[in-house]
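Residues per chain are reported as follows:
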Amino acid sequence: MFNQSLTFANSMALQWPAIIQAPMAGGITTPALVAAVAENGGLGSFATGSLTSDALIKGIADIQSLTAKPFSANIFVPSSNKDYDSSAVEAYVKAINRFRRELGLEAIKVPESPQFFKDNFQEIIDILIDKNIKIVSFAFGIPSSDSIEKLKSKGTYLVGTANSVEEAKMLEESGFDAIVAQGYEAGGHRGGFLTSSAYSAMSMFTLLPQVVEAVKCPVIAAGGIMEGKGVIAALTLGASAVQLGTAFLAVKESGASKTYKEELEKAKTKDCDVTMVTRAYTGKLARGLRTKFAEQIEAEGIEIPHYPIAHYLSTDLRKQAAALGYRDVMAMWCGQGVQQIRSGLSASALLEEIRNEVKCILHELK
Ligand SMILES: Cc1cc2nc3c(=O)[nH]c(=O)nc-3n(C[C@H](O)[C@H](O)[C@H](O)COP(=O)(O)O)c2cc1C
């Protein structure tokens, strides 16, 4: 029954079942976390989203100083800035300025054009090739065929992210080697790229078997997996591996701040879904803890500028909120599984607990 997952784990030299620690931008996937997962038979993923090229080079060097095992790097495919809507930008700037004042920051002016938005996508690809990173995953799109060719010519294993069957098929046709099927429960940004898919709200439980049916390449399940039962459920639905983000947020090596970890822990005492999916922070749908900031921006009903415009406009507000531990404004991405989060373990202890849970289930099934 689990043949495809055995093949995947063996081919990637990972312990079965293959557990991937999700890439998590914003400093969560520290070199210590990525290396600890790699050293303990899982696949650690280093998020390059929002990193400067120098920070990326340093991050890779730090991971490589801690482990000789392979790990993956994750890149955001840049969006075009073509749909710059100045009235949406004006309304958004006005809304975030209220929060900026609350946090002691000066108000910002409405930028005249989107020209200040630059990305270092090509540079990142060149660095990953130069540093011999053999597994590269992407979110938010399909890179150009030139970039795909460039990476594949160096033997890089390419992983794409899909929120729908349509996206999964497109990724496979573009030459991707494996696909993350990300359900609506998942923490962080929706990793797909078609507008129709972003709003499709399919849970991992419904999306995964359909993607498995539609493509020939290995499918990695992401969204809501917090324990051994979830791992077995995903493998039963045809996943070759599982990708866990929220489960790793509160481990010792995670770069989540003290306030962030405390808020995740507090979420366990609530009986309702403490998360929400919102475009308020970045202009792209993402799931995180409910905050005053997201709820107010959503309630105002203003048109939020598209990603990455809102992302850039709110960057220093989010940074200031994180520095002050101001939870009303902080972006605290996490999935609907947050109430099952285990705090304070090391990454290796978390992996061991999940693997033991898997073993117990298999034993019971015998
Ligand atoms: C804090 C946080 C940051 C994330 N950042 C990224 C990222 O940089 N790139 C990416 O492909 N996915 C990112 N994700 C999504 C994860 O890759 C994964 O799909 C998700 O965590 C799986 O759902 P789960 O959180 O319920 O385990 C992020 C998720 C979280 C919780």
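Residues numbered from 1 in each chain as written. Predicted model: local features only at pLDDT ≥ 70, side-chain atom pairs only at ≥ 80, totals over all residues.

Participant: What's the story with the pairing of strand 3 (residues 72-76) in this structure? I'm lost.
Facilitator: A regular strand places its side chains on the two faces of the sheet in alternate fashion. Of all five residues that make up strand 3, five are buried, and the element is covered over most of its length. Covered by surrounding structure in strand 3 are Ser72, Asn74 and Phe76 together with Ala73 and Ile75, the residues of both alternating faces. Bridge analysis of strand 2 (residues 45-47) against strand 3 gives three bridges, and the strand direction is parallel. Within strand 3, the position partnered with Ala47 by the bridge is Asn74. Summarising the sheet, strand 3 and strand 4 (residues 135-139) pair through five bridges and their orientation is parallel. Of the residues in strand 4, the one forming a bridge with Ala73 is Val136. (Buried ≥ 20, exposed ≤ 12 C-beta atoms within 10 Å, placed from the backbone. Helix = DSSP H or I, 4+ residues; strand = E, 2+ residues; numbered from the N terminus. Pairing = 2+ DSSP bridges.)

Participant: Just to check I follow, could you spell out the environment of Gly223 for this structure?
Facilitator: Along the polypeptide, Gly223 turns up in the loop between strand 8 (219-222) and helix 10 (228-236). A sequence separation of 22 residues divides Gly223 from Gly245, and the C-alpha atoms of the two residues are 8.0 Å apart. Residues contacting Gly223, with those up to four places away along its chain left out, are Gln182, Gly183, Tyr184, Glu185, Ala186, Met204 and Gly335. (Contact = placed C-beta atoms within 7 Å.)

Participant: In this structure, what is going on with the site of the ligand? I would like to understand it.
Facilitator: Surrounding the ligand, one finds 29 residues, the nearest of these being Ala186, Gly187, Gly188, Gly245 and Gly335. Of the residues contributing to the shell around the ligand, the split by class is 14 nonpolar, 14 polar and one charged. Counting contributing residues per domain, the shell around the ligand is built from domain 1 (1-80 + 118-253 + 346-366) and domain 2 (82-116 + 255-341), each supplying no fewer than three. (Near = placed C-beta within 6 Å. Nonpolar A, V, L, I, M, F, W, Y, C, P; charged D, E, K, R; others polar. Domains from an automatic or database assignment.)

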